[in-house]
Amino acid sequence: MNRRPKCLAFAALAARQLPLATLVAGLAGCVSLAPPYEQPPLPVPQTYPDNTSTTQNVGNTAEIGWKNYFTDPTLQSLIADALANNRDLRLALQHVEEARALYGIRRADQFPTLGASADLARSRVPADLSGVGYPVTANQYQVGVGLATWELDFWGRVANLKEAALQNYLATDAARQAATLALVAQVANGYLSLRELDERILLAQETIESHEKSYRIFKRRYEVGAISKFDLTQVETLWRQAVVLGAQLQQERAMLLNALQLLVGKPVDPPREDIRLDDSAVVMSDLPAGLPSDLLINRPDILAAEHQLRAANANIGAARAEFFPSVTLTGSAGTASAQLSNLFTGPSRAWNFAPSVSLPIFDMGRREANLDLAKAQRDQAVTAYEQSIQSAFRDVADALAARQWLTEQVDVLRATVEAQAERARLAQLRYDHGASPFLEVLDAQRDLLAAQQQLVQTRRALLSSRVSLYAALGGGGFETRDVAPASAKNNP
């Protein structure tokens, strides 16, 4: 944006109505040497891949809050506790406060620093140096208001440094939003995995009880000589395998619960749910995918990358300003007197005004190297911005593909479980009528348990793909979603 007309109009007004010092202050910062900001084009297609086109619906994910998307009450409670207690998120918030303080420092550099002072000086001059032949004792009392060294920002160096600090602050807050969204997704995935293990443990326990009952029956039959020891060993082996599977699942659940407690930030022990994972309406609602361009305003990591790009752009302006003269002002005004009683009476006014201009003549290419550094950092920021867009596009495309193909897998596995259950029933009937060996029954029961376990795992993967899609699209509805408070947005 060209600021010259506005600055010249202000200078003309100041020349008529304000003192010279205010005129100089009004001219300060009227020029910005930063290159105009241009948002890089999207380095991705305008639509998601064709294999997921049937799942695309236009919608704004930012309007769907996590409380509306994750409808399970237990999951909502876990997410709320995590947002309040997670230490990584707390550290991200502290980084935001640090960046805001740094921005406040840079913003203060645009304005003069005034300070009040009161001085007392008492001195004695010996007779041989006084010039009057006798010792002289002198006092000096002084009270005033001083202006510390203040740079008149003719070339926009201070303004650009302030802009870079502001953009870094906004980027840090956007990174905090990304950390919040990632935490919500991690807690949701952890909870779904816990629910998956609960269901798998329930299936394993039912299988263990069934096999243990069969083992007791076969053991009695072996003891009376009705079956061979080989048949008894087969039944015992199937029972032991189910016991080992149950122990493995219990261990995995305990470790997952520990990981979930670390995310939540306090001890948790969700009750073992009796709701099946295929009842997705209980866990989360449907989500529209939207278009790739929506990611630019919804994804906090992309917003952070764009703010970093704007900061790098402003740093170029600050580096360019180093090639021009630096103008600084120093001064003070007050009263001074040799007698304390005359400090505020009579002609005791005192002031000094000391402007200075400096321009480095020879610095061994320091300024040129500093400008090259700023440009290189700007180019890196552009690349990072494009990478974040490409990564976001892939995240959404992967989640859409997973949602589509995992839905088909769940349907196929559900039919497979039904077929395996029928096979196990028929194998048991054939064995009871002496038409087949018991090995067929064992194989059918083993395959049924494996199919049931795989179905539960795939259901959880399908729900996790919906969590991934929510995170990939940028989530929404966070109470602290605004990237800057009013103080940062309203103050130049």
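Right, let's walk through the structure included here.

Reading the values: rules and limits
- Residues numbered from 1 in each chain as written.
- Predicted model: local features only at pLDDT ≥ 70, side-chain atom pairs only at ≥ 80, totals over all residues.
- Heavy atoms only, no water.
- Helix = DSSP H or I, 4+ residues; strand = E, 2+ residues; numbered from the N terminus.
- Buried < 20%, exposed > 50% of the residue type's maximum accessible area, 1.4 Å probe, protein only.
- Areas by Shrake-Rupley, 256 points an atom, 1.4 Å probe, with all protein chains shown as cover.
- Expected span 1.5 Å × (residues − 1).
- Axes fitted to C-alpha atoms, helices over the stretch in contact; angles between N-to-C directions.
- Parallel < 35°, antiparallel > 145°, perpendicular 65-115°, else oblique.
- Nonpolar A, V, L, I, M, F, W, Y, C, P; charged D, E, K, R; others polar.
- Core = buried A, V, L, I, M, F, W, Y, C linked by side-chain atoms within 4.5 Å.
- 1 Å grid on protein atoms, 1.4 Å probe; cavity = no way out; pocket = protein on both sides within 12 Å on 5 of 7 lines; lining within 4 Å.
- Points joined across faces, edges and corners; volume = space filled by probe spheres on them.
- Left-handed = near helix turned anticlockwise from the far one by under 90°.
- Salt bridge = Lys/Arg side-chain N within 4 Å of Asp/Glu carboxyl O.
- Phe/Tyr/Trp six-rings, centres within 6.5 Å; stacked < 30°, edge-to-face > 60°.
- Lys NZ or Arg CZ within 6 Å of the ring centre and 35° of its normal.
- Pairing = 2+ DSSP bridges.
- Polar contact = N/O pair within 3.5 Å; in protein donor to acceptor, adjacent residues only side chain to side chain.
- Patch = residues over 30% accessible without salt bridge, like charges linked within 9 Å, V, L, I, M, F, W, Y side chains within 5 Å.
- Contact = heavy atoms within 4.5 Å.

### Structural notes on the overall build of the protein chain
- The helix and strand tally for the protein chain stands at 13 helices and five strands.
- In the protein chain, which comprises 492 residues, the proportion classed as buried is 40%.
- For the protein chain, the accessible surface area stands at approximately 26,700 Å², while carbon and sulfur atoms represent 56% of it.

### Digging into helix H8 (residues 229-264)
- The end-to-end C-alpha distance of H8, which contains 36 residues, comes to 52 Å, matching closely the 52 Å that a straight helix rising 1.5 Å per residue would cover.
- Just downstream of H8 lies Gly 265, where phi reads positive at about 90°.

### Quick look at the environment of Ala 401
- Along the chain, the position of Ala 401 falls in helix H11 (residues 366-432).
- On the basis of relative accessibility, which here comes to 19%, the residue Ala 401 falls in the buried class.
- Counting along the chain gives 352 residues from Ala 401 to Pro 49, while the straight-line C-alpha distance between them is 8.7 Å.

### Points about the packing of helix H5 (residues 87-108) against helix H7 (residues 157-223)
- Where H5 meets H7, the axes come as close as 8 Å, and the angle between the chain directions of the two elements is 170°. By the angle class used here, H5 and H7 are roughly antiparallel.
- In terms of residue class, the contact of H5 with H7 is made up of 14 nonpolar, four polar and six charged.

### Brief notes about the nonpolar core
- Among the nonpolar cores identified, the biggest contains 28 residues, and Phe 70 and Val 187 are the most heavily contacted of them.
- Of all elements in the fold, only helix H3 (66-69), helix H4 (73-85), H7, H8 and helix H12 (438-472) reach the threshold of two or more residues within this core.
- With nine residues, H7 is the single largest residue contributor to this core.
- Counting 24 residues, the second-largest nonpolar core is a separate cluster that includes Leu 238, Trp 239, Val 417 and Ala 424.

### Here's the deal with H12
- Taking 1.5 Å as the rise per residue, H12 with 35 residues should run 51 Å; its terminal C-alpha atoms sit 50 Å apart, in good agreement.
- Gly 474 occupies a position one or two residues after H12 and carries a positive phi of about 100°.

### Here's the deal with empty space enclosed by the protein
- Counted under the stated rule, the structure contains one cavity of 30 Å³ or more.
- Approximately 40 Å³ is the volume found for the largest cavity.
- Taken together, His 211, Ser 214, Val 235, Leu 238, Phe 438, Leu 442 and Gln 445 make up the full set of residues lining the largest cavity.
- For the lining of the largest cavity, the secondary structure elements donating two or more residues are H7, H8 and H12.
- Per-element accounting of the lining of the largest cavity gives the leading share, three residues, to H12.

### A word on the packing of H7 against helix H10 (residues 300-321)
- Interaxial distance between H7 and H10 falls to 8 Å at its minimum, and their mutual angle equals 165°. Taken as axis vectors, H7 and H10 run roughly antiparallel relative to one another. Classified by chirality, the crossing of H10 by H7 is left-handed.
- A breakdown of the residues in the contact of H7 with H10 according to their chemical character gives 15 nonpolar, eight polar and four charged.

### Observations concerning the pattern of salt bridges
- What the rule picks out here adds up to 24 salt bridges.
- Among the ionic pairs, Arg 106 bridges to Asp 109, the shortest N-O distance being 3.8 Å.
- Its relative accessible area of 38% is what places Asp 109 among the partly exposed residues.
- Beyond isolated ion pairs, a larger network of salt bridges with shared partners links Glu 151, Arg 157 and Glu 322.

### Description of the packing of aromatic side chains
- Here the structure, examined in full by the defined rule, presents eight aromatic pairs.
- Measuring from ring centre to ring centre gives 5.0 Å for Tyr 69 and Phe 70, while their planes differ by 75°; the resulting arrangement is edge-to-face.
- Between the NZ or CZ atom of Arg 221 and the centre of the ring of Phe 218, over which it lies, the distance is 5.3 Å.
- Above the ring of Tyr 37, the side-chain terminus of Arg 310 is found at 4.0 Å from the ring centroid.

### With respect to the environment of Ala 254
- The topology assignment puts Ala 254 in helix H8.
- We classify Ala 254 as partly exposed; its relative accessible area is 39%.
- Sequence separation between Ala 254 and Leu 194 is 60 residues, and the spatial gap between their C-alpha atoms is 9.2 Å.

### A few points about the pairing of strand S1 (residues 114-125)
- Counting buried residues along S1, only zero of its 12 residues qualify, which leaves the element largely exposed.
- Note that S1 and strand S2 (residues 136-152) share 12 bridges and pair antiparallel. Across the sheet, Arg 122 pairs through a bridge with Asn 139, a residue of S2.

### A look at the environment of Trp 150
- Inspection of the secondary structure puts Trp 150 in strand S2.
- For Trp 150 and Leu 114, which are 36 residues apart along the polypeptide, the C-alpha to C-alpha distance reads 9.8 Å.
- At 3.4 Å, the side chain of Trp 150 and the backbone oxygen of Gln 110 are in polar contact.

### Focus: a nonpolar patch on the surface
- Judged by side-chain polarity, Ile 361, Phe 362 and Met 364 come together as a nonpolar surface patch covering roughly 470 Å² of accessible area.
- Tracing the backbone through its elements, the reader meets Phe 362 in the loop between strand S5 (356-358) and H11.

### A few points about the side chain of Gln 167
- Tracing the backbone shows Gln 167 in helix H7.
- Owing to a relative accessible area of 6%, Gln 167 belongs among the buried residues under this scheme.
- If near-sequence neighbours (up to four positions away) are discounted, Gln 167 is found in contact with His 307, Arg 310 and Ala 311.

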